[in-house]
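# Observations on chain architecture
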Amino acid sequence: MRPSTLRALQRAAELTRSNRLVEAMAVAEPVILAADPDESQEIAQWLTEHADDFVREPEEH
């Protein structure tokens, strides 16, 4: 997976945890739609492995 794709997915997870779902979708959707079949598979695997990243409590800064 391209580093930019991973960063977008990680940012989408952060935004989702902060109840900013519309922004999360705006970040993740373009990279998901632009992915080739191989990267799409990697994205699906990452989402499966990191589902908790989208629902756990936001980290304190």
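Analysis parameters
Residues numbered from 1 in each chain as written. Predicted model: local features only at pLDDT ≥ 70, side-chain atom pairs only at ≥ 80, totals over all residues. Heavy atoms only, no water. Axes fitted to C-alpha atoms, helices over the stretch in contact; angles between N-to-C directions. Helix = DSSP H or I, 4+ residues; strand = E, 2+ residues; numbered from the N terminus. Left-handed = near helix turned anticlockwise from the far one by under 90°. Contact = heavy atoms within 4.5 Å. Nonpolar A, V, L, I, M, F, W, Y, C, P; charged D, E, K, R; others polar. Phe/Tyr/Trp six-rings, centres within 6.5 Å; stacked < 30°, edge-to-face > 60°. Buried < 20%, exposed > 50% of the residue type's maximum accessible area, 1.4 Å probe, protein only. Expected span 1.5 Å × (residues − 1). Parallel < 35°, antiparallel > 145°, perpendicular 65-115°, else oblique.

### What to know about the packing of helix 1 (residues 3–17) against helix 3 (residues 37–49)
With their axes 12 Å apart at the nearest point, helix 1 and helix 3 run at an angle of 35° to one another. The handedness of the crossing between helix 1 and helix 3 comes out as right-handed. Contact residues: helix 1 offers T5, L6, L9 and Q10, while helix 3 offers E39, I43, W46 and L47. Of the residues that constitute the contact of helix 1 with helix 3, the class distribution is five nonpolar, two polar and one charged.

### So, the packing of aromatic side chains
Counted under the stated rule, the structure contains one aromatic pair. The interplanar angle of 80° and the centroid separation of 6.3 Å between the aromatic rings of W46 and F54 together place this pair among those described as edge-to-face. W46 gets classed as buried once you look at its relative accessible area, which sits at 9%.

### Description of the environment of M1
Relative to the helices and strands, M1 is located in the segment before helix 1. Among all residues touching M1, those that are not within four sequence positions of it are L6, L9, E39, E42, I43 and W46.

### With respect to helix 1
Between its first and last C-alpha, helix 1 extends 21 Å over 15 residues, near the 21 Å set by a 1.5 Å rise per residue. Tucked into the core, helix 1 has its buried residues touching helix 2 (21–34) and helix 3. Positive backbone phi, at 60°, marks N19, one or two positions downstream of helix 1.

### Focus on the packing of helix 1 against helix 2
What describes two packed helices is the angle between their axes and the distance between those same axes. Look at helix 1 against helix 2: their axes get within 8 Å of each other, and the N-to-C directions meet at 165°. By the angle class used here, helix 1 and helix 2 are roughly antiparallel. Read as a crossing pair, helix 1 and helix 2 show a hand that is left-handed. Residues T5, A8, L9, R11, A12, L15 and T16 of helix 1 lie in contact with helix 2, whose contacting residues are L21, E23, A24, V27, A28, V31 and I32. A breakdown of the residues in the contact of helix 1 with helix 2 according to their chemical character gives 10 nonpolar, two polar and two charged.

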